[in-house]
Amino acid sequence: MSQDTPRPKRGLKRPIEVVRAELLKDADTKRIAKSVGMELEAYVELVLEYAQDKDKEPMIAVVSDEELHAKGFKTPTNEDVAKLLTKAAKGELGVNEEFEKSEFSSARAPKGPSLTGESGSNAGLKTDPALLDQVKKGGGKG
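Q: Can you break down the nonpolar core residue by residue, with the values?
A: Judged by nonpolar contacts, Val19, Leu23, Ala33, Leu40, Tyr43, Val44 and Leu48 together constitute the single largest core of 7 residues. Broken down by secondary-structure element, the contributors of at least two residues to this core are helix H1 (16-25) and helix H3 (40-52). Tallying contributions element by element places H3 first for this core, with 4 residues.

Q: Tell me about a nonpolar patch on the surface, residues and numbers included.
A: Together, Ile32, Val36, Met38 and Leu46 line one region of the surface with nonpolar side chains, adding up to about 280 Å² of accessible area. Of note, leucine 46 is situated in helix H3. A relative accessible area of 34% places leucine 46 in the partly exposed class.

Q: If you had to explain the pattern of salt bridges to someone new, which residues and values would you point to?
A: Going through the model one piece at a time under the given rule, you end up with 4 salt bridges. Aspartate 28 is the salt-bridge partner of arginine 31, the closest N and O atoms lying 3.5 Å from each other. With arginine 31 and aspartate 28 both in helix H2 (residues 27-35), this residue pair falls 3 residues apart, about one helical turn. The exposure class assigned to arginine 31 is partly exposed, which follows from its relative accessible area of 33%.

Q: Got a sec to walk through the confidence of the model for the protein? Specific residues and values, please.
A: Here the protein averages 78 in pLDDT, and 69% of its residues register 70 or above. Averaged over each element, pLDDT in the protein is lowest for helix H6 (residues 97-101) (68) and highest for H1 (94).

Q: Kindly report on the environment of arginine 10, identifying the contributing residues and their values.
A: Summarising the element assignment, arginine 10 is placed in the segment before H1. Distance from arginine 10 to lysine 56, taken between C-alpha atoms, is 9.5 Å for residues 46 residues apart in sequence. With sequence-adjacent residues up to four places away left out, arginine 10 is seen in contact with Ala51, Gln52, Asp53, Lys54 and Asp55.

Q: Can you lay out the packing of H1 against H3 for me, pointing to particular residues and giving the numbers?
A: Relative orientation and spacing of two packed helices are given, respectively, by the angle between their axes and the distance between those axes. Axis separation between H1 and H3 bottoms out at 10 Å; the angle between their running directions is 140 degrees. Classed by the angle they form, the pair H1 and H3 counts as oblique. Between H1 and H3 lies a crossing whose hand is right-handed. Across from Ile16, Val19, Arg20, Leu23 and Leu24 in H1, the residues of H3 making contact are Leu40, Glu41, Val44, Glu45, Val47, Leu48 and Gln52. Of the residues that constitute the contact of H1 with H3, the class distribution is 8 nonpolar, 1 polar and 3 charged.

Cut-off values and rules
Residues numbered from 1 in each chain as written. Predicted model: local features only at pLDDT ≥ 70, side-chain atom pairs only at ≥ 80, totals over all residues. Heavy atoms only, no water. Core = buried A, V, L, I, M, F, W, Y, C linked by side-chain atoms within 4.5 Å. Buried < 20%, exposed > 50% of the residue type's maximum accessible area, 1.4 Å probe, protein only. Helix = DSSP H or I, 4+ residues; strand = E, 2+ residues; numbered from the N terminus. Patch = residues over 30% accessible without salt bridge, like charges linked within 9 Å, V, L, I, M, F, W, Y side chains within 5 Å. Areas by Shrake-Rupley, 256 points an atom, 1.4 Å probe, with all protein chains shown as cover. Salt bridge = Lys/Arg side-chain N within 4 Å of Asp/Glu carboxyl O. pLDDT = per-residue confidence, 0-100. Contact = heavy atoms within 4.5 Å. Axes fitted to C-alpha atoms, helices over the stretch in contact; angles between N-to-C directions. Parallel < 35°, antiparallel > 145°, perpendicular 65-115°, else oblique. Left-handed = near helix turned anticlockwise from the far one by under 90°. Nonpolar A, V, L, I, M, F, W, Y, C, P; charged D, E, K, R; others polar.

Shown next, in the form of C-alpha cells:
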C-alpha cells in the first residue's frame, strides 16, 4: 500500500439514518442543543459530521470581547475569573444541577484527587495560600 493512499475515515459503524433518528429523539441531545443555542436539527447534523470522521478537528474561532459584546454576549471580567478560580482552588464550586440529573456514575470514573476539596484520595494535598493570593490579585500582576 502506498503512502499516497488516503486513510479510510474512522466513523460510524451503524447507518447514519438510524443514528440521526436516535439523536433527534434523545432528550439529552435536545437539552444540549438548547443549552448551546442551536436548533436541534442543526446540532444533530454537526454531531453527525464529527461522528462520521473521528479524525476531524473542531474549528475554533477566537474573537475579541468587543465582537462578543456587539453580538450580545457578556464576557467575564478579570474579577469574575479570579473569583471563579479562587472558588475552584478552595473546592467550593460544587456540581452543576444538570450534571446531577444526568445519572452519571462516579463509580466508572478514574480514581484520583478529589476535585471538590473533600478529603480522601488527596491526602497530603493542600491549597497553596500564595496561589490563592496570586489569583485574588489578578494572576500576580501589579
